[in-house]
Amino acid sequence: MSDTYRNFLALSYEELEELNLKAKSDRLSRVSADEIREARLKYLTDEKRIKAVTVLFSDLEGRLHLLDYDKKFLINSYDNLTFDGSSIRGFTAQKESDLRLGIDWSAFYWVPADVFGTGKVLVFGTVIDKSGGPYSGDLRGVLKNYSDSLFAEKGYTLNAANEIEGFLFQGADAERKFHETGRFDFVNTGGYYHSLPLDPLRRFIDTAAEVQRAMGFQNEKDHPEVAPSQFEINYSYGEVVAAADQIQLYKLLSRQIANNMGFTSCFLPKPVVGVNGSGMHTNMSITKGKTNLFWDPDGQEMLSSFGWEYIDRILSHALDICLILNPSVNAYRRLDPHFEAPNQIKASATDRGSMIRVPIGNSKSMRVEVRSVGPDANPYLVLYSLFKTGIDGSVASIDNLRQAHRYLPDNIYDALADFNKSEWVAQILGADVQGRFAELKKATADRSPRQLGTFVKGSEVQYHHEVYNQALWNQF
């Protein structure tokens, strides 16, 4: 269709980065919600080249949903947006389907027109139940309320940075076509840190990094990962809700860029037998004012006693929250010690098979890294459960807790059993959300074969069937 008569917004990458970094700074500085809202509404009113506002929210499993609202309609009706919650997996039943969308004006993004289309901006929404309160199944809202309350009560700022690995496969929509092809084809076999400057994987990484930079991610480094055709694009830490939003955007933009190039960006934890799987290493710290509460130059590994207690609580509840961190059948294929997978319930500064690692740090960068998180997990649920557990959980009476010979489940059914019987999960999520999440995970698991391992002996067809089932539900 001709665009001769159109005049839609399409900003340069430099302009985008400047706008997004300013919005990120306002968000980090906790500029009042009223002030941010008025500024955004004025911008939308004055900027005639914007046609639509894309509102994003995530379901209980972490799948990202996008709704485009006409700009003029949104300006007049932003406080009265409704949608059918019964059509969203894990949300309301049909008899109580109506839910509302609130707008988190602080989570506003200007986006590259060549990836997201011209004349559009993005903003994250929060889900509101019929009574007008936060909806319990919207884990973004749960995380935001928890973060805000800790800041108000204790002055804590929760910080997170995620190292998200993925694969780039030949062909568009390769996951949904897996049942036809029975295989994924690599675009690159170079290996860790190794690729030609203009090979397909490097071009994809470069393009995705440019888009992230324009969206204010503040990139750090990017590179091919250990497995063939595997990638990782790192960016700086952020306040916990913004960090979770960036995970959703990272996967969304990666998928769209790959599709534009005729490829598929895949975030299944273990899509290919015989090579390393993909993780989402989750780095966390807590600051009060400008002080990193995890830093102590005299502490063990220079981690403070507060930081070690945080670790002890997560180790104590590792089985309770394993399903949250690894919510798919495919995720337990990744937790295979033959491929550097972190399946041991212990903490270490050096052992990458440990669930928790204490990286080298200083007064700014000292952090705790949870390595046993799959990239198909709900980032809001993951970060809420880890921070909530690390701060408020109990410490188990286990001898040598940090180095005990304990292991995460090797299959989703054991993880489901631990999750279902967990009083801690019921306390932090509520029994209703706990039950709904478990039902969704069991339904998906029951559609997949139960045989797990490095290789599926005599059952390659079953493995193909399992990958296809999980790919169908693999979120953006």
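Source: prediction; values computed, not measured.

(A) Region of the structure containing the pairing of strand β1 (residues 52-58). The element β1 is extensively covered by neighbouring structure, given that 7 of its 7 residues are classed as buried. Of the two faces of β1, both are covered, the one formed by Ala 52, Thr 54, Leu 56 and Ser 58 as well as the one formed by Val 53, Val 55 and Phe 57. Summarising the sheet, β1 and strand β5 (residues 120-128) pair through 5 bridges and their orientation is parallel. Residue pairing across strands places Val 55 opposite Val 123, the latter belonging to β5. Bridge analysis of β1 against strand β2 (residues 64-70) gives 7 bridges, and the strand direction is antiparallel. Bridged to Ala 52 within β2 is Asp 70.

(B) Main features of the sheet that holds strand β4 (residues 98-110). Here 5 strands make up an open sheet; going across it, the order is β2-β1-β5-β4-β3 and the pairing mixed. At either end of the open sheet lies a strand with only one pairing partner, and these are β2 and β3 (81-84). The average angle at which neighbouring strand axes cross in this sheet is 40°, direction not considered. When β3 meets β4, the two strands line up antiparallel, connected through 4 bridges. Within β4, the residue paired with Asp 84 across the bridge is Asp 98. Running at roughly 80° to β4, helix α8 (residues 240-260) makes contact with β1, β2, β4 and β5 of the sheet.

(C) View of unusual backbone geometry. In this model, Gln 218 sits at a positive phi of 60°, which is unusual for a non-glycine residue. Its location among the elements puts Gln 218 in the loop between α7 (200-214) and β7 (219-224). On the basis of relative accessibility, which here comes to 41%, the residue Gln 218 falls in the partly exposed class. With a phi angle near 55°, Glu 301 is a residue other than glycine that sits in the positive phi range.

(D) Representation of empty space enclosed by the protein in the model. Inspection of every chain in the model, using the stated rule, returns 4 cavities of 30 Å³ or more. When its volume is computed, the largest cavity comes out at roughly 100 Å³. Asn 20, Ala 23, Lys 24, Arg 27, Ser 106, Ala 107, Phe 108, Tyr 109, Met 215, Gly 216, Ala 242 and Gln 246 together form the lining of the largest cavity. Every element with two or more residues in the lining of the largest cavity is listed here: α1 (13-28), β4 and α8. Residues that form the lining of the largest cavity fall into these classes: 6 nonpolar, 4 polar and 2 charged.

(E) Molecular detail of the packing of helix α5 (residues 139-154) against α8. Relative to each other, α5 and α8 sit at 155°, their axes nearing to 9 Å. Accordingly, the angle class assigned to the pair α5 and α8 is roughly antiparallel. Of the residues in α8, those touching α5 at Arg 140, Leu 143, Lys 144 and Ser 147 are Val 240, Val 241, Ala 244 and Asp 245. Its residues assigned to classes, the contact of α5 with α8 shows 4 nonpolar, 1 polar and 3 charged.

(F) Here's a closer look at the packing of aromatic side chains. Applying the stated criterion across every chain yields a total of 20 aromatic pairs. Between Phe 178 and Phe 184, the ring centres sit 4.6 Å apart and the planes meet at 45°, which makes this aromatic pair tilted. In textbook terms, an aromatic cluster arises when at least three aromatic residues are bridged by ring pairs, as seen for Phe 204, Phe 217, Phe 231, Tyr 235, Tyr 250 and Phe 267. Residue placement shows Arg 30 over the ring face of Phe 151; its charged tip is 3.9 Å from the ring centre.

Analysis parameters
- Residues numbered from 1 in each chain as written.
- Predicted model: local features only at pLDDT ≥ 70, side-chain atom pairs only at ≥ 80, totals over all residues.
- Heavy atoms only, no water.
- Buried < 20%, exposed > 50% of the residue type's maximum accessible area, 1.4 Å probe, protein only.
- Helix = DSSP H or I, 4+ residues; strand = E, 2+ residues; numbered from the N terminus.
- Pairing = 2+ DSSP bridges.
- Axes fitted to C-alpha atoms, helices over the stretch in contact; angles between N-to-C directions.
- Contact = heavy atoms within 4.5 Å.
- 1 Å grid on protein atoms, 1.4 Å probe; cavity = no way out; pocket = protein on both sides within 12 Å on 5 of 7 lines; lining within 4 Å.
- Points joined across faces, edges and corners; volume = space filled by probe spheres on them.
- Nonpolar A, V, L, I, M, F, W, Y, C, P; charged D, E, K, R; others polar.
- Parallel < 35°, antiparallel > 145°, perpendicular 65-115°, else oblique.
- Phe/Tyr/Trp six-rings, centres within 6.5 Å; stacked < 30°, edge-to-face > 60°.
- Lys NZ or Arg CZ within 6 Å of the ring centre and 35° of its normal.

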